[in-house]
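Spelled out, the chains give:
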Amino acid sequence: MEKRKEIFPLGIPGHNLGEIEREIDNTEPPAWPINEELKEVGKRINRIDARAKVTGQAKYTSDMQLPGMLYAKFLRANVPHATIRSIDTSKAENLPGVHAVHIVRNTSEEGEASETFPGVKYVGQPLAGVAADTLDIAKEAVSLIEVNYDEKSFVIDLEDAMQPDAPLVFDAPMGAQVDGGDVGVVHEGDKGEGNLRGPSTSSFYGGPRGDVEQGFAEADVIVEQTYRTQVHTHMPLETHGVVIDWTSDEMLVYASTQNTANVRNELADYFDLPKSKVRVICDFMGGGFGAKHSAGSFGPMAATLSKKTGRPVWLMIDRKEEHLAEGNRPNSIQTLKIGARNDGTLTAIDQKSYGTAGVGLGAGVGRVAQVLYECPNFRTEQYDVLTHAGPGAAWRAPGNVQGAFGVEQAIDELAEKLSMDPLALRDKIDKSEVRRVERMRGAERFGWSQRKKAGSSQGTIKKGMGMAQSCWPRFVTLNSSVEVRVLNDGSVEIRSSVQDIGTGTKTVLAQVVAEELGLKTTDITVRIGDTLFPDGPGSGGSVVTGSITPPARNAAYEVKMKLFEQLAAKWETESGKLVARDGQILHIEDASKKIAFKEALRGMRTGQITATASRTNDYGGFQQPWGLAYGDLGSVQFAEVSVNTDTGFVKVDRIVAAHSCGRPLNIGQLESQINGGVIQGVSYALYENRVMDSSTGHFMNANAHQYKVPYSMEIPEIEIEIVEEYTASSSTDAYGIGEPANIATAVAIANAVYNAIGVRIYEIPITPARILKALNKVYE
Amino acid sequence: MNKFSWYEAKSVEDAIEQANSTVSEEIYTPTGKASIYKSGGIDVWDMVKEGLIAPQMIVNVRNIKGLDKMSFDPDSGLSIGANVTLTEIEQSPEVSEHYTALQQAVAHAATPQLRNMSTLAGNLAQRTRCWYFRSADHPCMRKGGDRCYARSQQTGQNENHAILDNGSCVSLHASSVATALLAYEASIVYLDAKGESHEVPIEDFFVSPSQDIWRENILSPGDLITEIKVPTPSSGTRSHYVKQVARESYDWSLADVAVVAKMNGNKCEKITIALGAAAPTPVRAYRAEEALINQVINKESAKLAGETAMASARPLTMNGYKVPLFLTTISQALLEIA
Ligand SMILES: Cc1cc2nc3c(=O)[nH]c(=O)nc-3n(C[C@H](O)[C@H](O)[C@H](O)COP(=O)(O)OP(=O)(O)OC[C@H]3O[C@@H](n4cnc5c(N)ncnc54)[C@H](O)[C@@H]3O)c2cc1C
């Protein structure tokens with residue numbers, strides 16, 4: 001391919017902004033200047049679907065009403081471990097209004113005794129489904145199904161499950177599908193004893209480094225501590241679910257999903273259909289936080305019921321089912337030992353962790369310890385522990401949120417031991433330039449200089465300040481394609497299967513294309529979330545913006561060049577002399593040659609111009625060829641808290657969140673993502689906790705009032721500092737923010753609580769009970 | 001949810017007649033059967049949806065005329081009709097003027113939306129929120145089983161549960177409004193199956209599981225609350241209510257305290273202290289009250305009162321923190337009226 005050289009902005013405006021020359025493919029558009037000089041990109045532009053959302057016109061999966069549609073409901077196991085002897089559905093089938101009943105049969109090779117039914121491994125496991133005229137009838141029918149269980153002993157608690165005589169969750173290599181925890185986790189079939197799997201000792205950043213023992217021998221100061229985090233379930237407003245209409249022609253699927261293309265692929269595989277015969281649509285999505293990448297068990301169930309009945313089937317699960325079976329962030333018990341020299345230089349990091357993702361895997365927590373700081377000697381051992389509980393799933397920065405809770409408290413402790421300011425220590429050991437700027441600007445905005453010595457706050461209500469930071473890889477999904485077409489009335493349409501899960505993907509796509517075509521964001525129609533269109537990335541790993549906006553711009557550029565060629569021929573000039581600006585196409589030298597964008601295509605050979613582009617490699621290449629870009633998505637967050645030492649009540653007063661994500665595309669949407677990440681971090685630090693009864697295996701607070709998430713009064717003042725950072729990586733040079741926004745908050749709060757009361761809390765959630773106990777106010 | 005029929009009661013007589021002449025599967029009462037009343041429906045629907053009750057008929061009392069009246073008379077006190085909503089109580093100028101602690105308690109109960117729907121009778125007759133009781137999969141003592149899951153030394157998830165009177169079922173009464181009503185020595189007026197009216201002090205209205213595991217109050221199925229009476233506080237009365245929660249926006253209480261005291265100068269002439277979320281019923285802290293009579297309320301006496309109230313506390317495995325929490329809360333409420 002022909003190449004050319006371009007000069008790109010490089011660095012951080014206001015700090016070290018410079019330029020770099022890169023050789024790029026000729027199909028790549030010219031370099032954009034920094035945001036200040038752009039019109040649509042980098043601005044605070046309203047979501048293009050804001051009106052539809054606030055007026056209730058936006059249709060979510062659960063709103064779908066198709067002619068003749070039936071409602072489906074799952075029967076779920078209410079015992080944690082059993083073999084099923086029989087399932088009697090006759091009463092359910094005879095209930096008027098019931099159209100079909102389907103029993104889940106054994107398809108996996110998990111070595112359970114029963115040949116007919118999968119073994120029951122957790123309360124909430126789906127066993128059968130019913131489709132009926134109404135949801136109430138479906139529910140009643142479910143209650144009429146009789147299951148004859150052969151109950152077995154089970155284990156719920158992580159530490160109990162590690163005992164040699166603990167009941168086994170899987171007695172053979174695991175057949176269970178693993179749904180994303182941390183990268184570098186234990187894999188299916190990995191060796192392990194009892195319920196233990198692992199250890200995992202490496203990630204895509206490599207394995208152990210140096211000699212840890214030697215490193216500790218060189219240390220002047222060592223901190224060693226055990227940190228515990230809870231099981232945290234996903235609580236999106238919209239639960240998991242689908243509406244499926246399987247006709248002889250195709251399977252039409254409305255799905256509440258973070259990944260339309262993957263849901264299509266899974267269903268096509270499952271039912272052995274050509275991918276072209278499965279169409280998945282997700283127009284609007286009510287939150288997923290990592291747990292909605294797959295067709296789950298509800299997809300195959302709804303499809304089967306649709307096939308059996310010849311009618312569309314609605315299957316949305318309810319809040320309790322969501323808690324029990326549709327994912328959680330695994331808990332962790334992490335031991336961390338960090339050594340440093342008197343000047344702060346780290347000499348060794350040794351980490352060991354255990355976590356349970358229930359019947360799933362993915363409880364690793366290692367990446368933060370591995371990459372956040374420079375340290376020549378590093379070792380990690382991460383174990384997954386299987387228990388009889390619902391499977392874990394990716395949860396906004398999987399592994400990192402747990403891992404940061406340990407690492408960033410340990411660094412805080414280290415700073416204190418070294419009599420260094422926590423920021424100064426990080427300036428010493430953190431090589432990231434963008435985080436250096438974030439620390440500087442964040443500290444200024446927060447008023448870090450006002451921070452007092454730990455435990456020195458007077459009175460009953462003690463104030464404290466803390467900070468923590470995080471990193472997140474810049475993942476890029478190369479299989480990210482988008483089509484841009486201009487119709488002959490000048491209207492522009494963007495098409496991709498990529499979905500907007502509420503993060504604002506539709507709007508940033510429109511902004512990027514509008515910028516390229518010299519139009520307004522509102523001029524662009526965005527049709528995404530439909531597998532009829534080119535495959536987009538899944539909304540996970542914060543990949544979307546970095547993966548799909550460059551091809552969107554490239555496709556728009558290609559369309560523009562085709563249009564310029566036609567115009568140039570008509571005007572008898574060179575296409576290189578034309579520009580698109582402010583809704584017009586103009587000749588840069590000849591003011592008489594000028595046409596409104598809307599008019600340009602009229603009377604042309606074809607009624608439309610279209611181009612499809614896919615994500616190209618980063619201009620400077622990747623760290624890993626599959627799409628691990630250079631640099632990271634750094635963040636530094638500051639927390640101010642008040643702790644009532646009489647009641648143990650912790651209030652987060654203020655968070656200052658300094659973040660970077662390459663070239664910011666839409667300031668309002670970025671802030672919205674960061675607000676969300678911070679709020680979930682507050683929630684993780686103080687409120688959310690799965691309560692399991694280990695005598696029955698039931699999840700006791702699987703509802704929306706005793707499983708506590710924050711509401712308006714729990715939400716602190718949130719101030720956001722966005723640091724622009726140019727790295728000349730792609731045609732938009734932009735990355736996501738979803739996950740980075742959530743990593744540092746909880747541990748920044750924990751550090752602030754320590755600063756307030758002078759006692760460290762090593763376990764979250766930080767409840768009144770834990771504070772009072774830490775203050776020695778509880779008589780046992 | 002099962003199918004049920006619906007009866008729209010026109011009068012209290014009509015309601016009693018319907019409820020008592022039809023039989024519903026009432027909740028865990030070996031004592032008698034009748035159809036269940038529904039007022040605001042917050043708790044009734046929760047129970048139905050959780051599969052804890054499967055009524056064949058629901059008698060809606062929400063629209064009965066006359067049950068939604070509230071009035072205040074300096075001689076006879078405050079009269080609150082069974083169907084008066086928590087929002088109406090919260091916003092009543094008379095309640096704000098004469099019954100500070102009641103107003104505070106109501107304003108801190110549940111959420112604004114729930115308070116718009118919730119009636120006072122329904123609030124007092126709601127069932128416990130113990131998560132074991134609320135789970136159809138846990139046949140606890142209150143549901144005819146033989147164990148209290150929450151009390152288990154090894155596995156009981158009892159961080160919220162009772163620290164007083166917890167020798168039997170260790171659940172908490174769910175109403176935090178009742179705490180304030182107890183401190184005001186309110187009484188409950190109800191009609192029995194025969195239509196006869198009874199008035200009981202609120203303290204006798206609630207029944208401890210150690211007395212009768214089947215019930216949380218003295219109502220038999222089919223009994224209908226018509227009115228809640230709250231005596232007029234004598235002049236010089238001050239009152240205050242404090243609720244401790246894990247989550248401020250709305251939450252079930254971890255500890256709540258109402259105090260109503262008649263002060264003579266800076267001395268306490270008469271005082272009632274009621275504790276919510278301490279025991280399976282709202283309870284009075286009598287010994288603490290006694291300790292304060294003719295005393296000046298100050299830091300020391302308030303602290304001592306708290307300690308006296310907590311002297312008989314027997315925390316379970318996970319709720320030891322509730323003892324210091326009550327100590328603080330009692331002191332805080334007392335110092336507010338000092
Ligand atoms: C999320 C949440 C948080 C909450 N937080 C609090 C809180 O902080 N503090 C608090 O006090 N409450 C709280 N509640 C409880 C709520 O206030 C009660 O559920 C509500 O007051 C019940 O009133 P209702 O009119 O809806 O009763 P209903 O649901 O109609 O009835 C409840 C019970 O009372 C019976 N009943 C109703 N009327 C009569 C009558 N006239 N005579 C005899 N029996 C009758 C019914 O048969 C039923 O058994 C909360 C509830 C929820 C869901």
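Residues numbered from 1 in each chain as written. Chains lettered and ligands numbered in written order. Predicted model: local features only at pLDDT ≥ 70, side-chain atom pairs only at ≥ 80, totals over all residues. Heavy atoms only, no water.

### Observations concerning the overall build of chain B
Across its full length, chain B holds twelve helices and twelve strands. The C-alpha atoms of chain B give a radius of gyration of 20 Å, which matches the 20 Å a tight globule of 338 residues would have. Expressed as a percentage of its 338 residues, the buried residues of chain B come to 61%. Restricting the contact set of chain B to residue pairs at least 6 apart, pairs at least 24 apart contribute 64%. Accessible surface computed for chain B: about 13200 Å², of which carbon and sulfur atoms make up 50%. Charge-centre separation for chain B: the mean point of 31 positive side chains lies 4 Å from the mean point of 39 negative side chains. (Helix = DSSP H or I, 4+ residues; strand = E, 2+ residues; numbered from the N terminus. Rg over C-alpha atoms; globule rule 2.2 N^0.38 Å. Buried < 20%, exposed > 50% of the residue type's maximum accessible area, 1.4 Å probe, protein only. Contact = heavy atoms within 4.5 Å. Areas by Shrake-Rupley, 256 points an atom, 1.4 Å probe, with all protein chains shown as cover. Lys, Arg positive; Asp, Glu negative; His and termini not counted. Charge placed at Lys NZ, Arg CZ, Asp CG, Glu CD.)

### A short note on the environment of Ala105 of chain B
All names here are of chain B. Take Ala105: it is sitting in helix 5 (residues 100-107). We classify Ala105 as buried; its relative accessible area is 0%. With ten residues separating them in the primary sequence, Ala105 and Arg115 have C-alpha atoms 12 Å apart. Look past the residues within four positions of Ala105 in its chain and what remains in contact with it is Ser176, Val177, Ala180 and Tyr241.

### Overview of the packing of aromatic side chains
All names here are of chain A. One pass over the structure, following the stated rule, counts 24 aromatic pairs over all chains. With centroids separated by 4.7 Å and ring planes inclined at 50°, the aromatic side chains of Phe204 and Tyr205 adopt a geometry described as tilted. For Phe204, a relative accessible area of 15% corresponds to the buried category. Ring centres of Phe289 and Trp395 lie 5.5 Å apart, and the angle between their planes is 10°; this geometry places the pair in the stacked category. Here Phe289, found in the loop between strand 13 (278-281) and helix 7 (298-309), pairs with Trp395, found in the loop between strand 18 (378-385) and helix 10 (400-417); they are 106 residues apart in sequence, far enough to count as distant. Taken together, the ring pairs in this structure connect Phe204, Tyr205, Trp472, Phe475 and Trp626 into an aromatic cluster. Across the ring face of Phe170, the terminal group of Lys121 is positioned such that the distance to the ring centre comes to 4.8 Å. Residue placement shows Arg329 over the ring face of Trp395; its charged tip is 4.6 Å from the ring centre. (Phe/Tyr/Trp six-rings, centres within 6.5 Å; stacked < 30°, edge-to-face > 60°. Lys NZ or Arg CZ within 6 Å of the ring centre and 35° of its normal.)

### Regarding the interface of chain A and chain B
Taken together, the contact pairs 32 residues of chain A with 28 residues of chain B. Across the chain A-chain B interface, the total number found is three salt bridges. Between Lys708 of chain A and Asp251 of chain B there is a salt bridge, with the nearest N and O atoms lying 2.8 Å from each other. Among the elements of the structure, strand 31 (692-693) and helix 19 (768-774) of chain A are those that each provide at least two residues to the side of chain A that touches chain B. Among the residues making up the side of chain A that touches chain B, the classes are represented as 15 nonpolar, ten polar and seven charged. (Salt bridge = Lys/Arg side-chain N within 4 Å of Asp/Glu carboxyl O. Nonpolar A, V, L, I, M, F, W, Y, C, P; charged D, E, K, R; others polar.)

### Here we look at the packing of helix 10 of chain A against helix 18 (residues 745-757) of chain A
Residue and element names in this part refer to chain A. Remark: helix 10 packs on helix 18, axes separated minimally by 9 Å, with the N-to-C direction vectors making an angle of 35°. In the crossing of helix 10 with helix 18, the sense of the turn from one axis to the other is right-handed. Touching Ala404, Phe405, Glu408, Gln409, Asp412 and Glu416 of helix 10 are Val747, Ala750, Asn751 and Tyr754, all from helix 18. Grouping the amino acids of the contact of helix 10 with helix 18 by side-chain chemistry returns five nonpolar, two polar and three charged. (Axes fitted to C-alpha atoms, helices over the stretch in contact; angles between N-to-C directions. Left-handed = near helix turned anticlockwise from the far one by under 90°.)

### Topic: helix 10 of chain A
Residue and element names in this part refer to chain A. The terminal C-alpha atoms of helix 10, which comprises 18 residues, lie 25 Å apart, in line with the 26 Å expected from a rise of 1.5 Å per residue. With 16 of 18 residues buried, helix 10 is to be regarded as a mostly interior element. Where helix 10 ends, the next residue or the one after it, Ser419, has phi of about 55°, a positive value. (Expected span 1.5 Å × (residues − 1).)

### Examining the nonpolar core
Core analysis: the largest hydrophobic core is formed by 110 residues, its most contacted members being Leu414, Ile585, Ile749 and Val753 of chain A. Sorting elements by how many residues they give to this core places helix 14 (residues 544-571) of chain A first, with eleven residues. Excluding residues within four positions of it along the chain, Ile585 of chain A makes contact with Leu563, Phe564, Leu567, Trp571, Leu578, Val579, Ala580, Lys593, Lys594, Ile595, Phe597 and Ala600 of chain A. Ranked by size, the runner-up nonpolar core spans 39 residues in total, among them Ala105, Ala109, Phe206 and Ala258 of chain B. (Core = buried A, V, L, I, M, F, W, Y, C linked by side-chain atoms within 4.5 Å.)

### Some points on the domain arrangement of chain B
Under the domain assignment, chain B is made up of domain 1 (1-63) and domain 2 (237-337). Centre-to-centre separation of domain 1 of chain B and domain 2 of chain B, based on C-alpha positions: 36 Å. (Domains from an automatic or database assignment.)

### Looking at the site of the ligand
Taken together, 34 residues surround the ligand, and among them Tyr37, Ser39, Gly41, Thr119 and Ser176 of chain B come closest. Bordering the ligand are residues originating from chains A and B. A distance of 2.6 Å is found between an oxygen atom of the ligand and a backbone nitrogen or oxygen belonging to Ser39 of chain B. Interatomic distance of 2.9 Å between a backbone N/O atom of Val44 of chain B and an oxygen atom of the ligand. Calculation on the ligand without its partners gives an accessible area of 980 Å², and the protein chains cover 94% of this total. (Near = heavy atom within 4 Å. Polar contact = N/O pair within 3.5 Å; in protein donor to acceptor, adjacent residues only side chain to side chain.)

### Comments concerning empty space enclosed by the protein
Taking a probe equal in size to a water molecule and rolling it over the atoms shows the remaining empty space. What the rule picks out here adds up to six cavities of 30 Å³ or more. In terms of lining residues, the largest cavity is bounded by 13 residues, among which Cys130, Cys140, Arg142, Cys148 and Cys169 of chain B are the most central. Of the residues in the lining of the largest cavity, the class split is nine nonpolar, two polar and two charged. In this model, the second largest cavity occupies a volume close to 50 Å³. Considering the residues around the second largest cavity, the lining is formed by Tyr122, Val123, His323, Leu324, His388, Ala389, Gly390, Arg690, Met692, Gly697 and Phe699 of chain A. Among the residues forming the lining of the second largest cavity, the class breakdown is six nonpolar, four polar and one charged. (1 Å grid on protein atoms, 1.4 Å probe; cavity = no way out; pocket = protein on both sides within 12 Å on 5 of 7 lines; lining within 4 Å. Points joined across faces, edges and corners; volume = space filled by probe spheres on them.)

### Examining helix 13 (residues 505-517) of chain A
Residues and elements named next belong to chain A. Helix length check: helix 13, at 13 residues, gives a terminal C-alpha distance of 18 Å against a target of 18 Å (1.5 Å per residue), a fit within 8%. Judged by how many residues are buried, helix 13 sits mostly within the fold: 13 of 13 residues are covered. Positive backbone phi, at 70°, marks Gly518, one or two positions downstream of helix 13.

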